[in-house]
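Secondary and tertiary structure notes
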Number of protein chains: 2
Amino acid sequence: MNRINLITLGVTDIVKSRAFYKGLGFKCYDDTANPPIIFFDNEGTKLELFPLDELVKDIDKNESLKTDRSVFNGITFAMNTKEKHEVDELMLLAESLGGEIVKKPETVFWGGYSGYFKDLDGYYWEVAYADSWEFDDQDMLMIQS
Amino acid sequence: MNRINLITLGVTDIVKSRAFYKGLGFKCYDDTANPPIIFFDNEGTKLELFPLDELVKDIDKNESLKTDRSVFNGITFAMNTKEKHEVDELMLLAESLGGEIVKKPETVFWGGYSGYFKDLDGYYWEVAYADSWEFDDQDMLMIQS
(Lines give C-alpha, C1' and ligand atoms only; values in the text may rest on other atoms or scores of the structure.)
Protein backbone atom coordinates (compact mmCIF):
# COMPACT_ATOMS: atom_id res chain seq x y z
CA MET A 1 0.00 0.00 0.00
CA ASN A 2 1.54 3.27 -1.10
CA ARG A 3 -1.36 5.66 -1.01
CA ILE A 4 -3.73 7.57 1.23
CA ASN A 5 -7.22 7.43 -0.22
CA LEU A 6 -9.18 9.58 2.21
CA ILE A 7 -8.71 12.24 4.85
CA THR A 8 -11.76 12.36 7.09
CA LEU A 9 -12.35 15.39 9.25
CA GLY A 10 -14.83 14.95 12.08
CA VAL A 11 -16.89 18.14 12.01
CA THR A 12 -19.53 19.70 14.21
CA ASP A 13 -21.59 21.29 11.41
CA ILE A 14 -21.21 19.45 8.11
CA VAL A 15 -23.16 22.02 6.07
CA LYS A 16 -21.06 24.94 7.31
CA SER A 17 -17.85 22.96 6.79
CA ARG A 18 -18.92 22.02 3.25
CA ALA A 19 -19.45 25.71 2.49
CA PHE A 20 -16.03 26.54 3.97
CA TYR A 21 -14.17 24.03 1.80
CA LYS A 22 -16.24 24.77 -1.30
CA GLY A 23 -15.38 28.42 -0.73
CA LEU A 24 -11.69 27.54 -0.68
CA GLY A 25 -12.14 25.86 -4.07
CA PHE A 26 -12.75 22.21 -3.22
CA LYS A 27 -15.09 20.60 -5.74
CA CYS A 28 -18.23 18.99 -4.28
CA TYR A 29 -21.18 17.53 -6.17
CA ASP A 30 -23.47 17.23 -3.13
CA ASP A 31 -25.67 20.24 -2.46
CA THR A 32 -28.32 18.47 -0.39
CA ALA A 33 -29.64 20.17 2.72
CA ASN A 34 -28.77 17.46 5.24
CA PRO A 35 -25.90 15.38 3.90
CA PRO A 36 -24.88 12.42 6.11
CA ILE A 37 -21.34 12.60 4.69
CA ILE A 38 -19.49 14.78 2.20
CA PHE A 39 -16.83 13.75 -0.31
CA PHE A 40 -14.84 16.34 -2.24
CA ASP A 41 -13.47 15.55 -5.69
CA ASN A 42 -10.08 17.16 -5.17
CA GLU A 43 -6.65 16.28 -6.48
CA GLY A 44 -4.57 14.16 -4.13
CA THR A 45 -6.15 12.37 -1.22
CA LYS A 46 -9.89 13.02 -1.24
CA LEU A 47 -11.21 15.20 1.55
CA GLU A 48 -14.21 13.81 3.43
CA LEU A 49 -16.36 15.46 6.09
CA PHE A 50 -18.26 13.36 8.62
CA PRO A 51 -20.01 14.41 11.82
CA LEU A 52 -17.51 14.05 14.66
CA ASP A 53 -20.02 12.08 16.78
CA GLU A 54 -20.55 9.59 13.96
CA LEU A 55 -16.83 9.22 13.36
CA VAL A 56 -16.26 8.48 17.04
CA LYS A 57 -19.01 5.83 16.93
CA ASP A 58 -17.51 4.31 13.78
CA ILE A 59 -14.22 3.78 15.59
CA ASP A 60 -15.59 2.92 19.00
CA LYS A 61 -19.17 1.90 19.65
CA ASN A 62 -18.76 2.66 23.33
CA GLU A 63 -17.79 6.22 22.46
CA SER A 64 -15.17 6.33 25.16
CA LEU A 65 -12.97 8.20 22.70
CA LYS A 66 -15.25 11.20 22.74
CA THR A 67 -14.42 12.09 26.29
CA ASP A 68 -10.74 12.61 25.64
CA ARG A 69 -9.64 14.78 22.74
CA SER A 70 -6.02 13.92 23.43
CA VAL A 71 -6.86 10.29 22.61
CA PHE A 72 -8.78 10.94 19.40
CA ASN A 73 -8.04 14.16 17.61
CA GLY A 74 -10.94 14.12 15.15
CA ILE A 75 -9.02 13.10 12.02
CA THR A 76 -8.71 9.73 10.32
CA PHE A 77 -6.83 8.70 7.20
CA ALA A 78 -8.00 5.80 5.06
CA MET A 79 -6.34 3.19 2.94
CA ASN A 80 -9.02 1.68 0.75
CA THR A 81 -8.22 -1.74 -0.58
CA LYS A 82 -9.28 -3.41 -3.79
CA GLU A 83 -9.67 -6.84 -2.18
CA LYS A 84 -11.31 -7.67 1.13
CA HIS A 85 -8.46 -9.87 2.38
CA GLU A 86 -6.07 -6.92 2.05
CA VAL A 87 -7.85 -5.24 4.98
CA ASP A 88 -6.94 -8.08 7.33
CA GLU A 89 -3.41 -8.27 5.96
CA LEU A 90 -2.76 -4.54 6.37
CA MET A 91 -4.14 -4.48 9.89
CA LEU A 92 -1.90 -7.37 10.92
CA LEU A 93 1.04 -5.71 9.20
CA ALA A 94 0.42 -2.45 11.08
CA GLU A 95 0.26 -4.35 14.36
CA SER A 96 3.47 -6.23 13.60
CA LEU A 97 5.20 -2.88 13.00
CA GLY A 98 4.20 -1.52 16.40
CA GLY A 99 0.84 0.00 15.58
CA GLU A 100 -2.19 -0.67 17.76
CA ILE A 101 -5.38 -2.21 16.46
CA VAL A 102 -8.24 -0.06 17.70
CA LYS A 103 -11.08 -1.83 15.92
CA LYS A 104 -10.76 -5.23 14.33
CA PRO A 105 -12.08 -5.35 10.77
CA GLU A 106 -15.79 -6.04 10.58
CA THR A 107 -18.67 -5.62 8.17
CA VAL A 108 -20.14 -2.20 8.79
CA PHE A 109 -23.54 -0.59 8.27
CA TRP A 110 -22.72 0.95 4.89
CA GLY A 111 -21.80 -2.45 3.48
CA GLY A 112 -18.06 -2.20 3.69
CA TYR A 113 -15.47 -4.12 5.69
CA SER A 114 -13.40 -1.85 7.89
CA GLY A 115 -11.00 -1.64 10.79
CA TYR A 116 -8.90 1.02 12.51
CA PHE A 117 -5.37 1.14 13.82
CA LYS A 118 -3.25 3.81 15.51
CA ASP A 119 0.28 4.57 14.39
CA LEU A 120 3.24 5.03 16.76
CA ASP A 121 2.06 8.52 17.75
CA GLY A 122 -1.59 7.60 18.09
CA TYR A 123 -2.79 8.90 14.69
CA TYR A 124 -5.79 6.99 13.39
CA TRP A 125 -5.97 5.02 10.14
CA GLU A 126 -8.94 3.19 8.72
CA VAL A 127 -8.35 0.24 6.43
CA ALA A 128 -11.48 -0.47 4.42
CA TYR A 129 -12.92 -2.42 1.52
CA ALA A 130 -16.22 -2.10 -0.32
CA ASP A 131 -17.54 -3.79 -3.46
CA SER A 132 -18.90 -0.55 -4.82
CA TRP A 133 -15.76 1.54 -4.91
CA GLU A 134 -14.09 2.44 -8.17
CA PHE A 135 -10.42 3.31 -8.47
CA ASP A 136 -8.56 5.34 -11.06
CA ASP A 137 -5.33 4.24 -12.75
CA GLN A 138 -3.33 5.45 -9.73
CA ASP A 139 -5.43 3.29 -7.38
CA MET A 140 -7.13 6.36 -5.96
CA LEU A 141 -10.84 6.40 -5.13
CA MET A 142 -13.12 7.95 -7.71
CA ILE A 143 -15.82 10.27 -6.36
CA GLN A 144 -19.15 10.13 -8.15
CA SER A 145 -20.35 13.32 -9.79
CA MET B 1 -7.35 25.49 -4.92
CA ASN B 2 -8.74 21.99 -5.26
CA ARG B 3 -6.00 19.86 -3.81
CA ILE B 4 -4.21 18.81 -0.64
CA ASN B 5 -0.48 18.62 -1.29
CA LEU B 6 0.85 17.38 2.04
CA ILE B 7 -0.27 15.68 5.22
CA THR B 8 2.24 16.38 7.97
CA LEU B 9 2.27 14.19 11.05
CA GLY B 10 4.11 15.58 14.05
CA VAL B 11 6.02 12.60 15.40
CA THR B 12 8.08 11.89 18.49
CA ASP B 13 10.63 9.58 16.82
CA ILE B 14 11.00 10.28 13.11
CA VAL B 15 13.26 7.26 12.43
CA LYS B 16 10.85 4.81 14.05
CA SER B 17 7.91 6.42 12.28
CA ARG B 18 9.72 6.25 8.94
CA ALA B 19 10.26 2.52 9.50
CA PHE B 20 6.60 2.08 10.40
CA TYR B 21 5.31 3.72 7.23
CA LYS B 22 7.94 2.12 5.00
CA GLY B 23 6.87 -1.20 6.51
CA LEU B 24 3.29 -0.47 5.49
CA GLY B 25 4.51 0.08 1.93
CA PHE B 26 5.05 3.83 1.70
CA LYS B 27 7.91 4.66 -0.64
CA CYS B 28 10.73 6.76 0.86
CA TYR B 29 14.05 7.66 -0.72
CA ASP B 30 15.64 8.97 2.47
CA ASP B 31 17.57 6.38 4.49
CA THR B 32 19.79 8.79 6.41
CA ALA B 33 20.35 8.19 10.11
CA ASN B 34 19.09 11.52 11.40
CA PRO B 35 16.62 13.00 8.91
CA PRO B 36 15.25 16.44 9.83
CA ILE B 37 12.10 15.73 7.84
CA ILE B 38 10.74 12.83 5.80
CA PHE B 39 8.70 12.91 2.62
CA PHE B 40 7.09 9.79 1.22
CA ASP B 41 6.48 9.41 -2.50
CA ASN B 42 3.03 7.91 -2.23
CA GLU B 43 -0.03 8.23 -4.46
CA GLY B 44 -2.48 10.92 -3.38
CA THR B 45 -1.49 13.57 -0.92
CA LYS B 46 2.15 13.09 0.07
CA LEU B 47 2.78 11.93 3.61
CA GLU B 48 5.35 13.94 5.55
CA LEU B 49 6.86 13.28 8.98
CA PHE B 50 8.24 16.12 11.07
CA PRO B 51 9.23 16.18 14.73
CA LEU B 52 6.22 17.34 16.72
CA ASP B 53 8.28 19.95 18.60
CA GLU B 54 9.46 21.45 15.31
CA LEU B 55 5.98 21.48 13.87
CA VAL B 56 4.67 23.30 16.93
CA LYS B 57 7.46 25.89 16.57
CA ASP B 58 6.72 26.31 12.87
CA ILE B 59 3.13 27.25 13.70
CA ASP B 60 3.77 29.18 16.88
CA LYS B 61 7.17 30.47 17.92
CA ASN B 62 5.93 30.87 21.48
CA GLU B 63 5.06 27.18 21.56
CA SER B 64 1.93 27.82 23.57
CA LEU B 65 0.26 25.19 21.41
CA LYS B 66 2.38 22.44 22.85
CA THR B 67 0.80 22.61 26.25
CA ASP B 68 -2.69 21.82 25.04
CA ARG B 69 -3.21 18.83 22.77
CA SER B 70 -6.87 19.72 22.39
CA VAL B 71 -5.77 22.97 20.68
CA PHE B 72 -3.22 21.42 18.32
CA ASN B 73 -3.67 17.78 17.50
CA GLY B 74 -0.32 17.18 15.80
CA ILE B 75 -1.50 17.10 12.18
CA THR B 76 -1.33 19.77 9.50
CA PHE B 77 -2.48 19.72 5.89
CA ALA B 78 -0.78 21.84 3.25
CA MET B 79 -1.88 23.60 0.12
CA ASN B 80 1.26 24.42 -1.82
CA THR B 81 0.87 27.25 -4.29
CA LYS B 82 2.62 27.87 -7.58
CA GLU B 83 2.79 31.64 -7.05
CA LYS B 84 3.74 33.51 -3.90
CA HIS B 85 0.76 35.89 -4.04
CA GLU B 86 -1.60 32.91 -3.91
CA VAL B 87 -0.54 32.29 -0.31
CA ASP B 88 -1.82 35.69 0.80
CA GLU B 89 -4.98 35.31 -1.27
CA LEU B 90 -5.83 31.88 0.13
CA MET B 91 -5.20 32.99 3.70
CA LEU B 92 -7.53 35.96 3.30
CA LEU B 93 -10.11 33.74 1.59
CA ALA B 94 -9.99 31.25 4.48
CA GLU B 95 -10.47 34.09 6.96
CA SER B 96 -13.39 35.53 4.98
CA LEU B 97 -15.05 32.10 5.11
CA GLY B 98 -14.84 31.90 8.90
CA GLY B 99 -11.42 30.32 9.31
CA GLU B 100 -8.91 31.73 11.77
CA ILE B 101 -5.46 32.91 10.76
CA VAL B 102 -3.01 31.34 13.19
CA LYS B 103 0.21 32.57 11.58
CA LYS B 104 0.35 35.29 8.98
CA PRO B 105 2.38 34.33 5.92
CA GLU B 106 6.07 35.06 6.32
CA THR B 107 9.37 34.01 4.81
CA VAL B 108 10.58 30.98 6.75
CA PHE B 109 13.96 29.41 7.47
CA TRP B 110 13.79 26.86 4.67
CA GLY B 111 13.32 29.61 2.11
CA GLY B 112 9.60 29.33 1.59
CA TYR B 113 6.72 31.70 2.31
CA SER B 114 4.16 30.15 4.60
CA GLY B 115 1.20 30.78 6.87
CA TYR B 116 -1.31 28.73 8.85
CA PHE B 117 -5.04 28.91 9.37
CA LYS B 118 -7.56 26.84 11.31
CA ASP B 119 -10.82 25.65 9.76
CA LEU B 120 -14.22 25.84 11.49
CA ASP B 121 -13.38 22.86 13.74
CA GLY B 122 -9.85 23.96 14.54
CA TYR B 123 -8.00 21.72 12.05
CA TYR B 124 -4.72 23.24 10.87
CA TRP B 125 -3.81 24.10 7.29
CA GLU B 126 -0.55 25.49 6.03
CA VAL B 127 -0.53 27.55 2.85
CA ALA B 128 2.97 27.70 1.43
CA TYR B 129 5.03 28.70 -1.57
CA ALA B 130 8.65 27.93 -2.49
CA ASP B 131 10.66 28.60 -5.66
CA SER B 132 12.16 25.14 -5.60
CA TRP B 133 9.03 23.02 -5.69
CA GLU B 134 8.05 21.11 -8.77
CA PHE B 135 4.52 20.05 -9.56
CA ASP B 136 3.18 17.25 -11.72
CA ASP B 137 0.40 17.67 -14.29
CA GLN B 138 -2.22 17.40 -11.55
CA ASP B 139 -0.60 20.25 -9.60
CA MET B 140 0.65 17.83 -6.97
CA LEU B 141 4.11 18.17 -5.40
CA MET B 142 6.83 15.98 -6.83
CA ILE B 143 9.10 14.28 -4.29
CA GLN B 144 12.74 13.98 -5.32
CA SER B 145 14.15 10.48 -5.60
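Summarised in this report is the structure supplied together with it. Here the residue index of a chain counts from 1 through its sequence in written order. Lettering for chains starts from A, numbering for ligands starts from 1, and both go in the order in which the items are written. Only residues with pLDDT of at least 70 get local features here, since the model is predicted, and only at 80 or more are side-chain atom pairs given and counted; chain-wide, interface and lining totals rely on the full set of residues. For the side-chain quantities, the full set of heavy atoms in the structure was used; hydrogens and water were omitted.

**Some thoughts on the packing of helix H3 (residues 84-96) of chain A against helix H1 (residues 14-24) of chain B**
In a packed pair of helices, the relevant descriptors are the angle between the two axes and the axis-to-axis distance. Our working rule: The axes are straight lines fitted to the C-alpha atoms, using for helices just the contacting stretch, and the angles between their N-to-C directions are given from 0 to 180°. A run of H or I in DSSP becomes a helix once it reaches four residues, and a run of E becomes a strand once it reaches two; helices and strands are each numbered from the N terminus. The labels follow the angle: roughly parallel below 35 degrees, roughly antiparallel above 145, roughly perpendicular from 65 to 115, and oblique for the rest. Should the near helix be turned anticlockwise from the far one by less than a right angle, the crossing is termed left-handed; should it be turned clockwise, right-handed. What makes two residues a contact is simply this: any of their non-hydrogen atoms within 4.5 Å. Amino acid classes used here: Ala, Val, Leu, Ile, Met, Phe, Trp, Tyr, Cys and Pro are nonpolar; Asp, Glu, Lys and Arg are charged; the rest, including Gly, are polar.
It is the contact of H3 of chain A with H1 of chain B, at a shortest axis distance of 9 Å, that shows an interaxial angle of 155 degrees. Here H3 of chain A lies roughly antiparallel to H1 of chain B, going by the angle between them. Like other packed secondary-structure pairs, H3 of chain A and H1 of chain B cross with a definite hand, here right-handed. Residues Leu90, Leu93 and Ala94 of chain A of H3 of chain A form the contact with H1 of chain B, whose participating residues are Phe20, Gly23 and Leu24 of chain B. The residue inventory of the contact of H3 of chain A with H1 of chain B, partitioned by class, reads five nonpolar, one polar and no charged.

**A closer look at the interface of chain A and chain B**
Selection criterion: Joining two parts hides part of their accessible area as seen by a 1.4 Å probe, and the buried area is that hidden amount summed over both. The working definition used for a salt bridge is a side-chain nitrogen of Lys or Arg within 4 Å of a carboxyl oxygen of Asp or Glu. Within 3.5 Å is the distance limit for a polar contact, defined as a pair of N or O atoms, with the added protein rule that one can donate a hydrogen and the other accept it, and that residues adjacent in sequence qualify only through two side-chain atoms.
Taken together, the contact pairs 47 residues of chain A with 47 residues of chain B. Carbon and sulfur atoms supply 62% of the area buried between chain A and chain B, which totals about 3900 Å² over both sides. In this assembly, chain A and chain B are joined by zero salt bridges. On the surface where chain A and chain B come into contact, there are 23 residue pairs in polar contact (both at pLDDT 80 or more). For the side of chain A that touches chain B, the secondary-structure elements that each account for two or more residues are strand E1 (6-11), helix H1 (14-24), strand E4 (75-81) and H3 of chain A. At seven residues, the largest contribution of residues to the side of chain A that touches chain B is made by H1 of chain A.

**A short note on the environment of leucine 92 of chain B**
All names here are of chain B. In plain terms, the rule: Think of it in three bands: with a 1.4 Å probe and only protein chains considered, a residue is buried below 20% of the maximum accessible area for its type, exposed above 50%, and partly exposed in between.
Checked against the element boundaries, leucine 92 lands in helix H3 (residues 84-96). Taking the relative accessible area as the measure of exposure, leucine 92 reaches 54% and is therefore exposed. In the structure, leucine 92 is positioned 59 residues away from alanine 33 in sequence and 40 Å away in space, judged by C-alpha atoms.

**Topic: the pairing of strand E6 (residues 113-118) of chain A**
Residue and element names in this part refer to chain A. Convention followed: The rule for pairing is simple: two strands pair if DSSP sees at least two bridges between them.
Counting buried positions along E6 gives six out of six residues, so the element sits mostly inside the fold. Of the two faces of E6, the one lined by Tyr113, Gly115 and Phe117 and the one lined by Ser114, Tyr116 and Lys118 are each fully buried. Where strand E5 (residues 100-107) and E6 come together, five bridges link them in antiparallel fashion. In the sheet register, threonine 107 faces E6, and the bridge partner there is tyrosine 113. Connecting E5 to the next strand, E6, in antiparallel fashion are five residues, including glycine 111 with a positive phi near 100 degrees. Summarising the sheet, E6 and strand E7 (residues 124-129) pair through six bridges and their orientation is antiparallel. Pairing of tyrosine 116 across the sheet is with glutamate 126, part of E7. Between the end of E6 and the start of E7, which pair antiparallel, lie five residues, with glycine 122 showing a positive phi angle near 85 degrees.

**Structural notes on the packing of aromatic side chains**
Going by this rule: In this analysis, rings of Phe, Tyr and Trp, with Trp reduced to its six-membered ring, are considered paired at centre separations within 6.5 Å, and the interplanar angle assigns stacked below 30 degrees, edge-to-face beyond 60, and tilted for intermediate values. In this analysis the charged atom, NZ for Lys or CZ for Arg, is taken to sit over a ring once it is within 6 Å of the ring centre and within 35 degrees of the ring normal.
One pass over the structure, following the stated rule, counts 23 aromatic pairs over all chains. Ring centres of phenylalanine 72 of chain B and tyrosine 124 of chain B lie 4.9 Å apart, and the angle between their planes is 85 degrees; this geometry places the pair in the edge-to-face category. Of this pair, phenylalanine 72 of chain B sits in the loop between helix H2 (52-59) and strand E4 (75-81) while tyrosine 124 of chain B sits in strand E7 (residues 124-129), and the two are 52 residues apart along the sequence. Tyrosine 124 of chain B matches phenylalanine 72 of chain B in its accessibility class, with the two residues each being buried. Between the NZ or CZ atom of lysine 84 of chain A and the centre of the ring of tyrosine 113 of chain A, over which it lies, the distance is 4.8 Å.

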